[in-house]
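A look at the structure
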Amino acid sequence: RIQEAHLGPEHLAVAATLTQLGIACRAIGRHPRAVEALERAVRAKESKLGKESPETAVTMEHLAYAYGDIGRFVQKSRLLDLAADVFVKSPVSPDLRARPEPSAAEIS
C-alpha cells in the first residue's frame, strides 16, 4: 500500500508487485486475497499497457487460475481465452507464461 500511495494505483511497478503478491497468495492458499491483488494488477496493466499487451495477458492468466481456485470457472475460461488471443497475435516466451499450479486442495 505504501508503494501504491506513493506511485499511484495504476503504476506498472505497483502492478508488478500486485502480480507477485497474487502469485504468493495462491501458493499459500489465500485465494480470495490472490484474486483481489491480481484483479488490481490486471486493471493497472490494462490502463498502462492496453488489453492487447502480452504482459497484461500473462497477468490475466494468473488471475484466471486464481479464479479457478475459488470456483469461478466461467471467468477463468473467459480470461484464458482473452489471453490466448493476445498470445496468438504477439507470442510470448513460454518461460514468461503463467502456469497452472495445483491448488491446496489438489495437493492434499
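What counts and how
- Every chain is numbered independently, its residues counted from 1 as its sequence is written.
- Residue-level local features of this predicted model are given only where pLDDT is at least 70; pairs of side-chain atoms are given and counted only at 80 or more, and the full residue set underlies all totals for whole chains, interfaces and linings.
- Heavy atoms from the whole structure form the basis of all side-chain values; hydrogens and water molecules are not counted.
- The numbering of helices and of strands both runs from the N terminus, where a helix is a DSSP run of H or I of at least 4 residues and a strand a run of E of at least 2.
- The buried label applies to any residue whose accessible area, calculated with a 1.4 Å probe on protein chains only, is under 20% of its type's maximum; exposed applies above 50%, and partly exposed to all values in between.
- Accessible surface area values rest on a Shrake-Rupley calculation with a 1.4 Å probe, where residue burial reflects the displayed protein chains alone.
- Throughout, a residue-residue contact means that at least one pair of heavy atoms, one from each residue, lies within 4.5 Å.
- Confidence of the predictor in every single residue is expressed as pLDDT, which spans 0 to 100.
- How far a helix is expected to stretch is found by multiplying one less than its residue total by 1.5 Å.
- We define the nonpolar core as a collection of buried residues of types Ala, Val, Leu, Ile, Met, Phe, Trp, Tyr and Cys that are connected through side-chain atoms lying within 4.5 Å of one another.
- The term salt bridge refers to a side-chain nitrogen of Lys or Arg lying within 4 Å of a carboxyl oxygen of Asp or Glu.

Take the overall build of the protein next. When you go through the protein residue by residue, the secondary structure sums to 6 helices and 0 strands. In the protein, the succession of helices and strands from N to C terminus is α-α-α-α-α-α. Expressed as a percentage of its 108 residues, the buried residues of the protein come to 37%. Carbon and sulfur atoms make up 57% of the accessible area of the protein, which totals about 6,300 Å².

A separate point is the environment of Arg1. You can see Arg1 is positioned in the segment before helix H1 (2-7). Judged by its relative accessible area of 68%, Arg1 falls in the exposed class. Linking Arg1 and Val14, residues 13 residues apart in sequence, is a C-alpha distance of 8.9 Å. Among all residues touching Arg1, those that are not within four sequence positions of it are Glu36 and Arg40.

Reading fine detail from the predicted coordinates is not recommended where pLDDT is low. Per-residue pLDDT for the protein has a mean of 87; in total, 83% of the residues score no lower than 70. Here helix H6 (residues 104-107) is the element of the protein with the lowest mean pLDDT, 48, and helix H3 (residues 31-49) is the one with the highest, 96.

If you check helix H4 (residues 54-69), its first and last C-alpha atoms are 23 Å apart, about what 16 residues at 1.5 Å a residue would give, namely 22 Å. Taking burial as the measure, the 16 residues of H4 include 13 buried ones, the bulk of the element. Positioned one or two residues after H4, Gly71 has a phi angle of 85°, which is positive.

A word on the nonpolar core. Formed by 14 residues in total, the largest nonpolar core has its most connected members in Leu63 and Leu79. Counting residues per element, the ones that place at least two in this core are H3, H4 and helix H5 (73-89). In terms of residues, this core owes the most to one element, H4, which gives 7 residues. Setting aside chain neighbours within four positions, we find Leu63 in contact with Val35, Leu38, Glu39, Val42 and Leu79.

Our focus in this paragraph is the pattern of salt bridges. Inspection of every chain in the model, using the stated rule, returns 6 salt bridges. For Glu36, the salt bridge goes to Arg40, with nearest N and O atoms at 3.9 Å. With Glu36 and Arg40 both in helix H3 and 4 residues apart, the pair spans about one turn of that helix. On the basis of relative accessible area, Arg40 is assigned to the buried category, the value being 14%. Overlapping salt bridges, with partners in common, bring together Arg33, Glu36 and Arg40 in one network.

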